[in-house]
Amino acid sequence: MVWSIQECAAQDCRAIGEGLVAYNLRQVPMTQREPFISVNRKAVDESGTLLAGCIAEIYCWNVAYVELLWVDERYRGMGLGSELLAEVERVAAEAHCTLIHLDTFDFQAKDFYLRHGYEIFGVLEDCPEGHCRYYLKKKLAQRQEV
């Protein structure tokens, strides 16, 4: 067999992702209806200006992943990040997630996440050089149905 390595087009990236998801689901069945559920939230002021935002998702096995959490530097320390994170955790818990995870750099928000109950489970040193990338997780309490 002969092959070549080439740059991917957008449809190739989708096919690669779909192929991996299909393989994964043959190994561990989904515990929810959709393989990925977006949990994206933002904080805006009265004029609609974006102050902060969180990009997150719940994936196949009722696990939540925070991809991005950002607060405009002018509004840091006011609780916006805490409120956004709490909202994502609330939605995840209501969706029966038991775990949420994320990563951050040493120059970003490691201490913020530690204060919110996350624990470090991995460190990638010199990423970028002279810095560390931290991988954190938090067990979520299950919400009781009323």
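The shown structure was predicted, so the numbers you read here are calculated from the model rather than taken from an experiment.

### Some points on the packing of aromatic side chains
Centre distance and the angle of the planes are the two values used to describe a pair of aromatic rings. Scanning the model with the defined rule gives five aromatic pairs in all. Considering the side-chain rings of Tyr-59 and Trp-61, the 6.1 Å spacing of their centres and the 80° angle between planes classify their relative orientation as edge-to-face. By relative accessible area, which is 27% here, Trp-61 ends up partly exposed. A ring pair is formed by Phe-121 and Tyr-135, whose centres lie 6.4 Å apart and whose planes are at 55°; its orientation type is tilted. With a gap of 14 residues between them, Phe-121 in strand β6 (residues 119-125) and Tyr-135 in strand β7 (residues 132-139) connect regions that are remote in the sequence. Looking at Tyr-135, the relative accessible area reads 25%, which means it is partly exposed. Members of the aromatic cluster, each reached through a chain of ring pairs, are Phe-112, Tyr-113 and Tyr-118. Sitting above the plane of the Tyr-134 ring, Lys-110 keeps its charged end 5.2 Å from the centroid.

### Some points on the side chain of Thr-104
In this structure, Thr-104 sits in strand β5 (residues 99-105). Accessibility expressed as a relative area gives 2% for Thr-104, which makes it buried. Polar contacts involving the side chain of Thr-104 include one to the side chain of Gln-108, which spans 3.2 Å.

### Some remarks on helix α2 (residues 80-94)
Over its 15 residues, α2 extends 21 Å from the first C-alpha to the last, a length consistent with the 21 Å expected when each residue adds 1.5 Å. If you check which residues of α2 are buried, you get Leu-80, Gly-81, Leu-84, Leu-85, Val-88, Glu-89, Val-91, Ala-92 and Ala-93. Of the residues trailing α2, His-96 is marked for its positive phi of about 70°.

### What to know about the layout of surface pockets
Rolled over the atoms, a probe as big as a water molecule pinpoints where empty space is left. Considered as a void within the structure, the largest pocket measures approximately 560 Å³ in volume. For the largest pocket, the lining is made up of 24 residues, of which Leu-69, Val-71, Ala-109, Phe-112 and Tyr-113 are closest to its centre. Among the secondary structure elements, those contributing two or more residues to the lining of the largest pocket are β4 (63-71), α2, β5 and α3 (110-115).

### Observations regarding the nonpolar core
Counting 26 residues, the largest nonpolar core has Val-66, Val-88, Ile-100, Tyr-113 and Tyr-118 as its most contacted members. Secondary structure elements with two or more residues in this core: β3 (50-59), β4, α2, β5, α3 and β7. The greatest single-element share of this core, amounting to six residues, is contributed by α2.

### A word on the pattern of salt bridges
Scanning the model with the defined rule gives seven salt bridges in all. Between Arg-90 and Glu-94 there is a salt bridge; the shortest N-O distance is 2.9 Å. One end of the pair, Arg-90, and the other, Glu-94, are both in helix α2, four residues apart, so they sit about a helical turn from each other. The partly exposed category is assigned to Arg-90, whose relative accessible area is 32%. The shortest N-O distance in the salt bridge between Asp-103 and Arg-133 comes to 2.8 Å. Placement of Asp-103 in strand β5 and of Arg-133 in strand β7 is noted, with a sequence separation of 30 residues between them. A network of salt bridges, in which partner residues are shared, links Arg-41, Glu-87, Arg-90 and Glu-94.

Parameters and conventions
Residues numbered from 1 in each chain as written. Predicted model: local features only at pLDDT ≥ 70, side-chain atom pairs only at ≥ 80, totals over all residues. Heavy atoms only, no water. Phe/Tyr/Trp six-rings, centres within 6.5 Å; stacked < 30°, edge-to-face > 60°. Buried < 20%, exposed > 50% of the residue type's maximum accessible area, 1.4 Å probe, protein only. Helix = DSSP H or I, 4+ residues; strand = E, 2+ residues; numbered from the N terminus. Lys NZ or Arg CZ within 6 Å of the ring centre and 35° of its normal. Polar contact = N/O pair within 3.5 Å; in protein donor to acceptor, adjacent residues only side chain to side chain. Expected span 1.5 Å × (residues − 1). 1 Å grid on protein atoms, 1.4 Å probe; cavity = no way out; pocket = protein on both sides within 12 Å on 5 of 7 lines; lining within 4 Å. Points joined across faces, edges and corners; volume = space filled by probe spheres on them. Core = buried A, V, L, I, M, F, W, Y, C linked by side-chain atoms within 4.5 Å. Salt bridge = Lys/Arg side-chain N within 4 Å of Asp/Glu carboxyl O.

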